[in-house]
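The primary structure of each chain is shown beneath.
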Amino acid sequence: MPHLRWARALGASALLAVLLASAACGGGAQPSSGGNSSGLQVIKIATQSPLSGDESVQGIALKNGAALKLKQEYDQFKAMGFDLQLDPQDDKGDPNTGVANAQKLAADSQVLAVVGHLDSGVMIPSEAQYHAAQLPIVSPANTNPNVTSQYKYPEISRICGRDDVQGPVGAIFAKDQLGVKTVFVIDNITAYGTGVANAFKQKAQEIGLQVVGSQSIDKSETDYSNVLTQIQQVKPDLVYYGGLYQGFALMLNQAAVRGIHTKWMGPDGVFSNGLVATAKENAIGVYATSVAAPTNLTPGGQKFIQDYTAEYKENPDPYAIYGYDAMGVVLQGLKDAIQKNGGKLPTRAQVRDAIRAITDYQGALVKVGFDSIGDNIYAGYYVYQITSANASTTGDAKLMAQYNPKGELVSQ
Amino acid sequence: MSGLGRSLERYRLRLPGGAAAQAATVVVYLLLTASLLRLFPQSIIAFLLFLANLALVFGARALRPAWQAGLAAVEMGLVFPLVAGANPFFVGVATTVAIYVALALGLNIVVGLAGLLDLGYVAFYATGSYLWAIFSTGQAARFLPFVHGALGGGWFWPFLLFGLAVGALMGAALGVPVLRLHGDYLAIVTLGFGEIIRLLAAGLNGITNGSIGLPGVQAPQILSVQLGQPIDYYFITLVLVGVIILVAQRLESSRVGRAWMAMREDEPAARAMGIRLVATKLLAFACGASFAGVMGVIFAAKQGYVDPTSFTFMESIGVVSMIVLGGMGSLPGVALGAAVVTLLNIQVLGGLSDWLNSLGARFGFSIPPELNPAQYHQLIFGLILLVMAVLRPGGLVPARRRHVQLALAPAAPAAARPRATERPARAEARAKAAPAPAPAADPAADPLLLVQGVTKRFGGLVAIDAVEMTVRGGHVHSLIGPNGAGKTTLFNMITGTYRPDGGRILFEGRPISGLQPEDVALRGISRTFQNIRLFREMTALENVLVGRHIHLRSNLADVLFRSPRMRREESEAVDRAAELLRYVGLAGLENELARNLPYGSQRRLEIARALAAEPRLLLLDEPAAGMNPRETAALLELIEDLRSGMGLTILLIEHDMKVVMSISDVITVLDHGAKISEGAPDQVRHDPRVIEAYLGRSAV
Amino acid sequence: MSSTLQTLPQLVLDGLVVGFVYALIAVGYTMVYGVLKLINFAHGDVFMVGAFVGTEVLRALTAGGRPLSPWALLLAAVVAAAAVTALLGAGIERVAYRPLRQAPTLILLVSAIGVSFLLEDLVRLVESIHLGKFVLPVPTVFATVYRIHVAGLQNPLTIRLNSIVVVVASILMMVGLTLFVGRTRPGKAMRAVAEDRTTAALQGIDVNAIIALTFLVGSGMGGAAGALFATQYTLVTPYMGFDIGIKAFTAAVVGGIGNIPGAFLGGILLGVLEQVGGGFIGTKFQNVVAFAILVLVLVLLPSGLLGERVQEGA
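So, here is what we can say about the structure in this document. These numbers come from a predicted model, not from an experiment.

Turning our eyes to something else, we now look at the overall build of chain B. The secondary structure content of chain B amounts to 28 helices and 14 strands. Evaluated residue by residue, chain B yields a buried proportion of 57% over its 700 residues. Pairs at least 24 apart in sequence give 74% of the contacts found in chain B among residues at least 6 apart. Accessible area for chain B stands at about 26,900 Å²; split by element, carbon and sulfur atoms hold 63% of it.

And the structure:
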């Protein structure tokens, strides 16, 4: 009776399996307590950004900035008995991967906080995972309003401003400072680009600017002649491009060939070294709104540029300093949590609460204090003009105006 | 390379030993890996080792399929949640793997079984996702006047069905315009379709909220219990994948699945067997798309956020590569392929980079960021695709046709069978194979097929010129003539492949000219082809079962629920097919692939397939072509028996005059599209016009 | 005159320039399809490699002090790109397609997709090591711009010298190709192989050599198009080949796949229709226009404008 014997064997082993499984349960789910050979307790701070694919330039810069900050503070934590490690994750700019990574980080009990996500489209679906694991994440650059406003989880904070202020600030600046009457709005069909362009457009209409045209063009498009032909036709005072620098640079180049003379403006996504590298002198005169104060104006910013250049042998991309300051906020929260916990390893919930409790952290670039949904109450909005066709935008752009989180003019 | 290629080509997963030994191996391995995973909850290796359990269960071929399925269900449904349920990452990865397994199985129906290259499959996934997202976020209220507010999580369950239905509708809707297209062309149209759907999702702001996407998609809810944890999605997906595997398996081994494969292997032959191409193709598109529709609903709920970037062409390509990697048309292969590709994408490469990083941190070296392997997943993925395609085109687990255990006593292998026993064996087989069709009152007097003044032109060339012909019931009627005389053209008009330009054809008194081939088959005419057109990648038995297609009545519901009617019908069909194979002398070769049969046997198989349709008129197009004298003699015997034993009417094209003269009741001679002679063999043999046509004027 | 009509001439002009680039790439698809009945999915990436080779050559030649004449620059870039991609194409055929001659279409398709991924990341890897970045701006070759004032149009028509050079170079290459295929022995052999591989082999044509030659020529044209494209649009990325490749393929289909003049006609037509369509219904749907044309042509007119009917079931 082979089947009977087989069934018995199965039954016995199933029993064994259950026993073993329950024994394992009793054994405690704690993995290795995190001690390493030198007696330090391991704390991992993860980064989540695209390290591969076509957004990896910004993603890697973000990670590098965070890594630099972590390296600088390593010794402080070592003195407290902790081995601080960076756990860089590649979210590929892909929501699936982002969520899977978030779950991976949630499962690793040594990970106490995350710096991350470049794309709001990756951040938003991942938020539930961080929330379930009580794992705090500080976003350096997700300006999409939904990031904090959709779920309002206590784990999710950001140090940068919001597109629903950034876009309108651009419109206000265009009207009040530039005396613009007509605008043409373009977006690159991404969550970011369309979001900020829509916010700009709405505000522009509210304050009496005339929107004479509006087009969407795919971010991977290389030929902007179609849009430019229309711009040439309606002759707007200002063209607003909601998108990233690659598309904007190509558009500027092709507009120069056309002999189109108008004012150009874009959000922080276009405010990149790549813009000047690709558009060269065509980038001169371009206005960009940003959620970051000028790096080279603060002493912290200057030091950051020095340190970054020494470490990575290249000028920092604007996202690098966001990563750097987001990591700074995380480490500040971590320090507070450790202190509160009597010098012992804090839980994620403690780190989360400590981060959210931050009211005035001075980073290299931004001052950070969180409101109830995790937005930065000090988030400033800045308008720059690119003045030089060489070197870096962060270094050489001229600050034109500064606005507070309500979108009110602070200084010119 | 070739050595590696060969060993790759040959490798088959199969555990040694009998059922007990295999079961023991599976269980011991399960316990081992479960404990490993419990002890090292962070270890990716432990997780992969655990997943290998499924492969092991699959390799335990000595176990009954039901036991295999049960074991797999226990492993994933019970043991895995027990040991890894606390780790959201593994649960999440397992869920994603399961979603892709379901997608790959759906696409496999279209691509693997039905042979329709679909590169826009992700469109259906997107449709399902957006369906639930639009209704559960309140977006619908913005453009549909009768919808107010967002639907709650309880609606998730009916929306699984809606996703299924909308997916199926979309699939069928895509199917209609592309019915005429084949191969690469179909691939490109579907690619374009997939991209259009994505671009519309990004562009139609009012409906989909465009590129900004729809955040806040509701998680499912049962009564008042809010679900939404990773483990909830894991169980929902697991159950659905179980159902989908079952459905895919049932479809594959049914009348429907055989029709898909037959269509994939040879469209004209499939139509000649009465398979309706339009319905069959649309059903394949609809079935495949419905799987994606359901999974889309789950995906939307799981992500909580839907935007167009989740549905790029790369997603479609990913699913295609899963199928190819695993083995097109092979259910276990496709499942394995889906698992391997997904794991590779979201885990192994990332894990490798983590590992290198930590190694670097420990030993004080750093990998330059531009060399980080995580950045080059596409490179590694591309390499794997390339290597697999070149070295093992059949996939990891190549498709194997189902082996049917026949209830009959195994017959002696065909080759070894002494010829003397053939006659009694045939008589006996015939007795079982078919209830001898009731002979008409006076068969010889009854005109079964009437060809009246039929004409066919190709451009300026008149291929058939006003031909008249009468085929009487119970006759063997031969059609002969030199090459290019128009014999096959006439055949093609009788069977519906060509539409006559003039004249008409009556079968049993009813006009059949202009009917589609499948309708002609339904009327009771069956055929073989001049250049053998078997379903090469199907077994001999399956070929004959396709021949029975028009007599099987079970519909999709019968197949899915394995209704008693369907089971009865299927087992009768298998018996009948096996008898037919014995009848034509192919006993013992039932489970052999058609392409592996020797030439003469392929001819016989084609006849058996045609007979399975129980035709009243059988058209044989050069059945003796390429046969040696011994095979020809056996064929003669077979045709003789078809007429006298089974009372079948046969219309025969043949070049072998020995065959024609010895077997025909009537011979019609065609030359340059016109009938030049007709009559009994002796009459035709001495007709000077015939001699002239064959030997040229000088010979007269 | 309405404003859409006002923009029409410029849109058509721009569409023509893009169309010529599409046409050059489409030729590669169509030639390979002709001899192998295979959609060479990696061709878009061969084009991308050509663009990078061209860009690197331009960078190297403009880096030194004394700049060469723009004509020499362009010639060097195009020739280098064509040479490298020709060899690359032949290599791809040898490694990824030849072992699979007898395999089902889908396997070939997957093999091609594998090659495509491989090329994209290889270029990225090489450029990352070489320059530390992989999105490269392209040095300007011809800076001259002509503005033509047309009566009745508010804006002058703008055309770059570079555009004219791209168009002229494309036409020259097409004429060369047509002569090659029509007049030379290897060209005729190519047509014979496309017609019927078995018969061609029986007549003593080395089919493998001819197929390799087809890839050599088709890929070289694609690579040259890459270099021209780079000079025209000023930025190259490793991932640029996919979209353009699909559009070029559409062009090949529109013209009738397997047909070289058809590919040319299809490319120009697609370029213009895309521009004009985008101008009228919005650039958001510019790509929808391209794909809709693809689908409609295949469904309604599977043989394309100039192509022969594809044999079914053969």
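Don't stop here, the text continues.
A few words now on the overall build of chain C. Scanning chain C from terminus to terminus reveals 11 helices and four strands. A burial count over chain C gives 62% of its 314 residues as buried. Put simply, of all contacts in chain C between residues at least 6 apart along the chain, 75% involve residues at least 24 apart. Counting every atom, chain C has about 11,800 Å² of accessible surface; 67% of that belongs to carbon and sulfur.

A general feature of soluble globular proteins is that nonpolar side chains tend to end up buried together. Counting residues in each nonpolar core, the largest one holds 246 residues, and the members touching the most others are Phe80 and Trp260 of chain B together with Phe41 of chain C. In terms of residues, this core owes the most to one element, helix 5 (residues 88-113) of chain B, which gives 19 residues. The residues contacting Phe80 of chain B, other than those within four sequence positions of it, are Leu37, Phe47, Phe50, Glu75, Gly85, Phe90, Val91, Ala94 and Tyr234 of chain B. Core analysis: the second largest hydrophobic core is formed by 104 residues, Ala113, Ala141, Leu228 and Val383 of chain A among them.

Right, let's talk about empty space enclosed by the protein for a bit. With the rule as written, the count across this model stands at 14 cavities of 30 Å³ or more. The volume enclosed by the second largest cavity comes to roughly 210 Å³. Taken together, 15 residues line the second largest cavity, and the ones lying closest to its centre are Ser225 and Arg258 of chain A together with Asp14, Arg160 and Gln232 of chain C. Residue contributions to the lining of the second largest cavity peak at four residues, all from helix 1 (residues 3-36) of chain C. Partitioned by chemical class, the residues of the lining of the second largest cavity number six nonpolar, five polar and four charged.

We now examine the pairing of strand 3 (residues 157-160) of chain C. Residues and elements named next belong to chain C. Here strand 3 shows a buried face lined by Leu157 and Ile159 and a second buried face lined by Thr158 and Arg160. In terms of strand pairing, strand 2 (residues 145-148) meets strand 3 through four bridges, oriented antiparallel. For Ile148, the partnering residue across the bridge sits in strand 3 and is Leu157.

With that out of the way, let us pick up the sheet that holds strand 4 (residues 137-139) of chain A. Residues and elements named next belong to chain A. Read across the sheet, five strands follow the order 2-1-3-4-5 without closing on themselves; strand pairing throughout is parallel. Strand pairing shows two members of the sheet lacking a second neighbour, strand 2 (82-90) and strand 5 (156-158), which therefore form its edges. Averaged over neighbouring strand pairs, the angle between their axes works out to 25° when direction is ignored. Judged from the two bridges that link them, strand 3 (residues 111-116) and strand 4 form a sheet pairing that is parallel. If you follow Val115 over to strand 4, its bridge partner there is Val138. The strands touched by helix 13 (residues 348-356) are strand 3, strand 4 and strand 5; relative to strand 3, the strand with the most contacts, the crossing angle is about 40°.

Let us look at the interface of chain B and chain C. Taken together, the contact pairs 45 residues of chain B with 48 residues of chain C. Regarding the contact of chain B and chain C, the summed buried area is about 4,100 Å², with carbon and sulfur atoms giving 77% of it. The largest per-residue losses of area from chain B upon contact with chain C belong to Asp184, Tyr185 and Ile188 of chain B, which jointly make up 17% of the total buried on that side. Joining chain B to chain C, the criterion identifies zero salt bridges. Taken together, chain B and chain C are joined by two residue pairs in polar contact (both at pLDDT 80 or more).

In this section: the side chain of Glu195 of chain B. Considering the arrangement of structural elements, one finds Glu195 of chain B in helix 9 (residues 183-203). We classify Glu195 of chain B as buried; its relative accessible area is 4%. When sequence neighbours within four positions are dropped, the list of residues in contact with Glu195 of chain B reads Thr312 and Phe313 of chain B together with Phe291 of chain C.

Once that is clear, we can look at the side chain of Glu267 of chain B. Residue and element names in this part refer to chain B. Structurally, the position occupied by Glu267 is in helix 13 (residues 267-272). Given the relative accessible area of 18%, Glu267 is considered buried. Among residues more than four places away in sequence, those in contact with Glu267 are His182, Ala262, Leu277 and Lys281.

Once that is clear, we can look at helix 12 (residues 255-265) of chain B. By the criterion of burial, helix 12 of chain B is predominantly enclosed, with nine of the 11 residues buried. Every buried residue of helix 12 of chain B is listed here: Arg255, Val256, Gly257, Arg258, Ala259, Trp260, Met261, Ala262 and Met263 of chain B.

It is worth spelling out helix 8 (residues 156-178) of chain B at this point. In this model, helix 8 of chain B (23 residues) spans 33 Å end to end at C-alpha, consistent with the 33 Å of a helix rising 1.5 Å per residue. The complete set of buried residues in helix 8 of chain B reads Phe156, Phe159, Leu160, Gly163, Gly167, Gly171, Leu174, Gly175 and Val178 of chain B. Summarising the contacts, the buried residues of helix 8 of chain B are in contact with helix 6 (122-136), helix 9, helix 11 (230-252) and helix 14 (277-303) of chain B together with helix 11 (286-300) of chain C.

Residue and element names in this part refer to chain A. Strand order in the open sheet formed by eight strands is 7-6-8-9-10-13-14-15, with mixed pairing between adjacent strands. Pairing within the sheet leaves two strands with one partner each, and these edge strands are strand 7 (210-216) and strand 15 (409-411). Looking at each pair of strands side by side, their axes are set apart by 25° on average, direction ignored. Pairing analysis gives four bridges linking strand 10 (residues 287-290) to strand 13 (residues 381-385), with the strands arranged antiparallel. Residue Thr289 lies in a different strand from strand 13, and its bridge partner there is Val383. Sheet contacts for helix 7 (residues 191-206): strand 6 (182-187), strand 7, strand 8 (238-242) and strand 9 (263-266); angle to strand 6, the most-contacted strand, approximately 165°.

For the rest of this paragraph, the subject is a positive patch on the surface. Residue and element names in this part refer to chain C. Taken together, the side chains of Arg183, Arg185, Lys188 and Arg191 present a region of like positive charge at the surface. Ranked by residue count, the leading element in the positive patch is helix 6 (residues 185-195), at three residues. The residue Arg183 is located in helix 5 (residues 161-183) in this model.

This brings us to the pattern of salt bridges. Residue and element names in this part refer to chain A. Under the defined criterion, the tally for this structure stands at 34 salt bridges over all chains. We note a salt bridge from Asp307 to Lys303, for which the minimum N-O separation is 2.7 Å. Taken together, the positions of Asp307 and Lys303, both in helix 11 (residues 299-312) and four residues apart, correspond to about one turn of that helix. By relative accessible area, Lys303 is classed as partly exposed at 47%.

Rules used in this analysis
- Residues numbered from 1 in each chain as written.
- Chains lettered and ligands numbered in written order.
- Predicted model: local features only at pLDDT ≥ 70, side-chain atom pairs only at ≥ 80, totals over all residues.
- Heavy atoms only, no water.
- Helix = DSSP H or I, 4+ residues; strand = E, 2+ residues; numbered from the N terminus.
- Buried < 20%, exposed > 50% of the residue type's maximum accessible area, 1.4 Å probe, protein only.
- Contact = heavy atoms within 4.5 Å.
- Areas by Shrake-Rupley, 256 points an atom, 1.4 Å probe, with all protein chains shown as cover.
- Core = buried A, V, L, I, M, F, W, Y, C linked by side-chain atoms within 4.5 Å.
- 1 Å grid on protein atoms, 1.4 Å probe; cavity = no way out; pocket = protein on both sides within 12 Å on 5 of 7 lines; lining within 4 Å.
- Points joined across faces, edges and corners; volume = space filled by probe spheres on them.
- Nonpolar A, V, L, I, M, F, W, Y, C, P; charged D, E, K, R; others polar.
- Pairing = 2+ DSSP bridges.
- Axes fitted to C-alpha atoms, helices over the stretch in contact; angles between N-to-C directions.
- Buried area = accessible area lost by both parts, 1.4 Å probe.
- Salt bridge = Lys/Arg side-chain N within 4 Å of Asp/Glu carboxyl O.
- Polar contact = N/O pair within 3.5 Å; in protein donor to acceptor, adjacent residues only side chain to side chain.
- Expected span 1.5 Å × (residues − 1).
- Patch = residues over 30% accessible without salt bridge, like charges linked within 9 Å, V, L, I, M, F, W, Y side chains within 5 Å.
- Lys, Arg positive; Asp, Glu negative; His and termini not counted.
- Charge placed at Lys NZ, Arg CZ, Asp CG, Glu CD.

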